[in-house]
Amino acid sequence: MSEFVIEQNSFTGGEISPYLAARNDLAKYANGLKSLKNGFVREEGCVLNRAGLELVGKIKDGGKKARLIPFSFNTEQTYIIEAGHKYFRFIKDGGYIIYPENYGDETDTAPADPAKQAKKGQIVEIETPYTESDLPYIQYAQNADVLSIVKSGMPPKELSRYSHYDWVLSDIVFEPAIKPPENVQAKWTGSTANARAYTYLVTAVDEKTLEESNRSQTVTANGRYEGNWAVNEFMTITFSAVQGASEYNVYRAVNGIFGYIGTTTTTSFTDDKIEPDLTSTAPIAREPFADGDYPGVTTYFKQRKLYANLLNNPQTIKASQTAATNNFNVSRPLIAADAITLTIADKQVNEIRHLIGLNDLIVLTSNAEWKVNGADGVFSASPPPEATIQSNYGSSYIMPCVSGSQVIFIQAGGSIVRDLGYTYVSDSYDGDELSIFAKHLFENKQVIDMAYSKEPYKIIWCVMSNGSIAGLTYNKKQEICAWHKHTTRGEFEAVAVIREGFEDVAYFIVKRHIDGEIVRFVERMTSRLVSKTTEGFFVDCGLRYSGNPTKQLVGLEHLENEDVIALVDGGVIENLKVKNGKITLPRAASNVVVGLSYEFDLETLNIEGEQTKGIKKSVNAISVKIEKSREDFFVVGADGTEYQNPRCIESINNADYLHSGQVDSFVSSIASTEATIHIKQKFPLPLTISSISATVNVGDK
């Protein structure tokens, strides 16, 4: 019998498929894990148990599914929208927004509003047309305080925020923001001999955005043929002023085409035999979605607003004028800033499912990936953009995430995760299958929702159709692609991520069975940045109490008749049951976190040395390097026996103390050809593992 020491200093391979259990020839094997549940990999290579989920509240209708949508005006004004069956509700900083007690009361500038006063103390909510079956197919794009929302076959809408308590969902009006001039008149000054008709129209120019209005009504007046105009003969065009206009453009018809003849800052213009410029013509109004041909995809790209996947034209993209997001007018001939209509020509009809603006416009269809841009890199109406196919995988309906310059999307079948990014060598967009080494997490399941957390940890959260979560720590440049799975006492159904302070925070909708009923909660993942035990929050559907010492905690009706666990002033108390919304602690405490327990589980891949496959091995001693952790975690022996490490003297004397350093564990081992190291944390305590080493005895076959 021989003995050797193995050491694993990095876990950036994440959880690896059982189909690769014998592939210790792979480079990823050295950094991989057999199992990583309710923990995640940091980019540095260590593993942490995940933070818990803090209760936000029950969704409005627990019998129906809902969806979460992020709304971010800036880093300080961020919200999560609970989008349910024909309603939106709004969450900020972990709580539902409630109408204040003075809502609708009389002020110095407004009388009392009884309709508003009736809402005092209620959750802010608005009515929407979206049913439960519509919600998975909603797409959205945000610009400042306006969220554009589309669903194929339904009129596009804008959600506008005017305050925390004032949200309006309205139809989008596809026309210039500024109105055209009215009361346009033309008057001829001069001889009436050899008369002919002259037709004019006028447009207004917005003083702030320089957007040009639609055409005014045309006006016709008789004057002499141009070749006969004398010096003192002219046509005077007058019109009414338009509020917000800085100037007005005047056009004259030539064979039915209105060419530009000049600009005025007043409400009068003199045409003294000006030759119309037929390369600069009056705008032609376009209704982009006539006859119910509504889009199902939207985004912003190069100062334009784009729509695609029209109900009757699924391969068509329509882009607004530059810097005029609701203006789809064009000119004849086209100019660069005009609205754009582009239909992707493919061998079969494949609906456009997503538009992503990078350096180029990335178009994901149900069967392929395309790059759209001008030949010179300018996205303009003239010359028109070109569509170039990049690959042929296809995308599902799940909205993609963007990590740096990489697009992360779900392949059409729903069970493969891919990235797509620009490759300098080929001057094209290409990518990899990210889920290839963790196929077992996706077998017989589909991704039903996805969101990306950038800081402090780069994690993509994939909600699976079986109610679990497949998490991915992803950093393309550092070649980090580490999968981990997450479960709870219930089923995950939706996820969204929003910035709150200095962190990106994940919100989830979780379906749970509580006291014999099915309920759905919105729950918020708490911060994992803890420096002492009492800062940690490692329970699900939980709440925190901080205040005067007490033995009885109330407000737990959402967990009625459930067995819960509590972290009480740094100590763990198990087997508590909620009765009448309350629990009673064995001792008074001032800092308590209580909720549903979950278990962190890490198991290494089979330990193999040189030529040890098929040979029985036994693990006799384990050394685990931890960082800012409680050292009383569990080590599982080969026979399934769980051994809890003792607490150190510092921890016993100070419940807030977190240890950094080596923790040695000794387990009774059973020789096996598939020896592993198995670690658990069953308690709501922080655990960060930087490395694992073990002494292994190798016996005969």
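The structure this text deals with has already been given above.
The structure presented is a predicted model; accordingly, all values stated were derived computationally and were not measured.

(A) Here's a closer look at the pairing of strand E12 (residues 139–143). Of the strand pairs in this sheet, E12 and strand E13 (residues 146–151) are connected by 5 bridges, and their pairing is antiparallel. Counterpart to Gln139 in the pairing with E13 is Val150.

(B) Here's a closer look at unusual backbone geometry. Backbone torsion omega between Ser382 and Pro383 reads 0 degrees, so that peptide bond is classified as cis. Looking at the secondary structure, you find Pro383 in the loop between strand E30 (369–373) and strand E31 (386–391). A cis geometry characterises the amide bond from Glu455 onward to Pro456, with omega recorded as 0 degrees. For Pro456, the position within the fold is in the loop between strand E36 (447–453) and strand E37 (459–464). Located in the positive-phi region is Asp93, a residue other than glycine, with phi close to 50 degrees. Within the element layout of this structure, Asp93 appears in the loop between strand E9 (87–92) and strand E10 (95–96).

(C) Spotlight on the nonpolar core. Ile622, Ile689 and Ile692 are the most contacted members of the largest nonpolar core, which totals 26 residues. Those elements that place two or more of their residues in this core are strand E3 (32–37), strand E47 (600–604), strand E48 (617–629) and strand E53 (688–698). In terms of nonpolar packing, the next biggest core, distinct from the first, is built from 23 residues, Tyr130, Ile149, Leu159 and Trp167 among them.

(D) Inspection of the sheet that holds strand E15 (residues 166–171) at higher detail. Across the sheet, which stays open at both edges, the 4 strands sit in the order E12-E13-E14-E15 with antiparallel pairing between neighbours. Of all the strands in the sheet, just E12 and E15 have a single pairing partner and so form its edges. Here the average twist between neighbouring strands, direction ignored, is 20 degrees. Strand direction decides the pairing type here: strand E14 (residues 154–163) and E15, joined by 6 bridges, are antiparallel. By the bridge assignment, Ser160 is partnered in E15 with Val168.

(E) Representation of the environment of Leu687 in the model. With respect to the secondary-structure elements, Leu687 resides in the loop between strand E52 (678–681) and E53. Sequence-wise, Leu687 and Ile261 are 426 residues apart; in three dimensions their C-alpha atoms are separated by 74 Å. Excluding residues within four positions of it along the chain, Leu687 makes contact with Val47, Leu48, Asn49, Arg528, Phe600, Ile626, Ser629, Arg630, Phe633, Ile679 and Gln681.

(F) Structural view of the packing of aromatic side chains. Applying the stated criterion across every chain yields a total of 25 aromatic pairs. Where Phe71 meets Trp167, the ring centres are 5.0 Å apart and the plane angle is 75 degrees; that geometry is what we call edge-to-face. Of the two residues, Phe71 sits in strand E7 (residues 67–72) while Trp167 sits in strand E15, which places them 96 residues apart along the sequence. The exposure class assigned to Phe71 is buried, which follows from its relative accessible area of 0%. Residue Trp167 is classed as buried on the basis of its relative accessible area, which comes to 5%. Taken together, the aromatic side chains of Phe71, Tyr79, Phe90 and Trp167 make up a single cluster linked through ring pairs. Of note, Arg89 hangs over the ring of Tyr96, and the distance from its end group to the ring centre comes to 4.6 Å. It is Arg353 that lies over the ring of Tyr397; its NZ or CZ is 4.1 Å from the centre.

Conventions and cut-offs
Residues numbered from 1 in each chain as written. Predicted model: local features only at pLDDT ≥ 70, side-chain atom pairs only at ≥ 80, totals over all residues. Heavy atoms only, no water. Pairing = 2+ DSSP bridges. Helix = DSSP H or I, 4+ residues; strand = E, 2+ residues; numbered from the N terminus. Core = buried A, V, L, I, M, F, W, Y, C linked by side-chain atoms within 4.5 Å. Buried < 20%, exposed > 50% of the residue type's maximum accessible area, 1.4 Å probe, protein only. Axes fitted to C-alpha atoms, helices over the stretch in contact; angles between N-to-C directions. Contact = heavy atoms within 4.5 Å. Phe/Tyr/Trp six-rings, centres within 6.5 Å; stacked < 30°, edge-to-face > 60°. Lys NZ or Arg CZ within 6 Å of the ring centre and 35° of its normal.

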